[in-house]
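So the chains spell out like this:
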Amino acid sequence: VYRTTDQGVTWAPVNIAGFTGVTGTSFVLLTTFALGSDVWVAGDNGNVYHTTDGTTFTQQSTGITKGITRMRGVSGHIIALVGNDPGYYITTTNNGVSWTAPTTMPFGDSPENLAIAPDESAIYVFGPFHGPLASFEKNPTWSFVPTVMDPNLLRAAFAFAGNDVFAVGKSGIIHYGN
C-alpha cells in the first residue's frame with residue numbers, strides 16, 4: 001500500500017500491521033474505499049483495515065474468511081461484496097465497528113460491482129453472469145433490474161448526485177435514476 005500527500009508527485013509505502021510487511025504471508029489487497037478522511041482497505045481472508053489519517057490503520061473484524069472484492073458506502077453505511085460462488089455481502093452502519101452476518105445474493109454467482117446512490121435511495125449490485133440487482137432501502141430487499149447490457153461485459157459501476165447510478169461496460173453506459 002502506498003500513500004501520496006502531494007497529488008501523486010511522490011509516493012511512500014504505508015505499513016499496515018498484520019497486513020503488509022508480514023514475513024511468510026501473502027495477503028492480497030483487493031479493494032479500497034474512501035469517504036472523506038476515512039479510508040478502508042480490504043482483501044483476502046475477510047481482512048478490513050480502517051484509517052482516519054492515512055497512516056495508522058486498525059483491523060476491523062468482519063467474521064468472514066473469504067476475499068472482499070468491493071466496498072462502497074455512504075455516511076457510515078458500508079456494503080462489502082465477498083467474492084465466492086455463490087456470492088454474499090456483509091454490511092455495517094457504524095463505519096465498520098461491527099459487521100452483519102453474511103447474506104447470500106439472490107443470483108447464483110459472485111457479485112463484482114456495487115454502487116450506492118449518495119442519498120441511499122438505491123443500491124445496485126452487478127454480477128458477472130446475471131443482470132443488476134437493485135434495492136431501494138438500506139436493509140436490502142433485492143429485485144432484478146432489466147438491462148440491455150450483457151452482464152459479462154460490465155466493467156464498473158458508480159453513483160453520484162442524488163440517485164444517479166451508472167454502469168459502464170464494453171457495449172456502453174447505462175443510467176439508472178433521474
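That block above? That's the structure.
Residues numbered from 1 in each chain as written. Predicted model: local features only at pLDDT ≥ 70, side-chain atom pairs only at ≥ 80, totals over all residues. Heavy atoms only, no water.

### Concerning the environment of Y124
The residue Y124 is located in strand 12 (residues 123-126) in this model. Its relative accessible area of 5% is what places Y124 among the buried residues. Taking the C-alpha atoms as reference points, Y124 and A134, 10 residues apart in sequence, are found 4.5 Å from one another. When residues no more than four places from it in sequence are discounted, the contact partners of Y124 are N113, L114, A115, L133, A134, F136, V145, V165 and Y176. (Helix = DSSP H or I, 4+ residues; strand = E, 2+ residues; numbered from the N terminus. Buried < 20%, exposed > 50% of the residue type's maximum accessible area, 1.4 Å probe, protein only. Contact = heavy atoms within 4.5 Å.)

### Considerations on the nonpolar core
Counting 13 residues, the largest nonpolar core has V48, I68, M71 and W99 as its most contacted members. Sorting the residues of this core by element identifies strand 4 (38-43), strand 7 (68-74), strand 8 (77-82) and strand 9 (88-92) as the ones contributing at least two each. Ranked by residues supplied to this core, first place goes to strand 8 with three residues. When neighbours within four sequence positions are excluded, I68 is seen to be in contact with L30, T31, A42, G43, G46, N47, V48, T62, A80, L81, V82 and I90. Counting 12 residues, the second largest nonpolar core, distinct from the first, contains A134, A157, A167 and I174. (Core = buried A, V, L, I, M, F, W, Y, C linked by side-chain atoms within 4.5 Å.)

### Quick notes on the sheet that holds strand 3 (residues 29-35)
As summarised here, the arrangement of the four strands in space is 3-4-5-6, forming an open sheet in which the pairing is antiparallel. A single partner strand is all that each edge strand has here, and the edge strands are strand 3 and strand 6 (58-60). Direction aside, the axes of adjacent strands within the sheet are offset by 25 degrees on average. Bridging between strand 4 and strand 5 (residues 48-51) involves four bridges; their strand directions are antiparallel. Residue pairing in the sheet places A42 in a bridge with V48 of strand 5. (Pairing = 2+ DSSP bridges. Axes fitted to C-alpha atoms, helices over the stretch in contact; angles between N-to-C directions.)

### A closer look at the side chain of T51
The topology assignment puts T51 in strand 5. Polar side-chain contacts of T51 include one of 2.9 Å to the backbone nitrogen of G54. At 2.8 Å, the side chain of T51 and the backbone oxygen of T56 are in polar contact. (Polar contact = N/O pair within 3.5 Å; in protein donor to acceptor, adjacent residues only side chain to side chain.)

### Details of the environment of Y49
Structurally, Y49 is set in strand 5. Assessed through its relative accessible area of 1%, Y49 is described here as buried. Between the C-alpha atom of Y49 and that of G18, which follows or precedes it by 31 residues, the distance is 9.5 Å. Y49 has contacts with I16, A17, G18, F19, V39, W40, V41, F57, T58 and Q59, leaving out every residue within four places of it along the chain.

Such coordinate-based values are descriptive only and should not be taken to indicate function.
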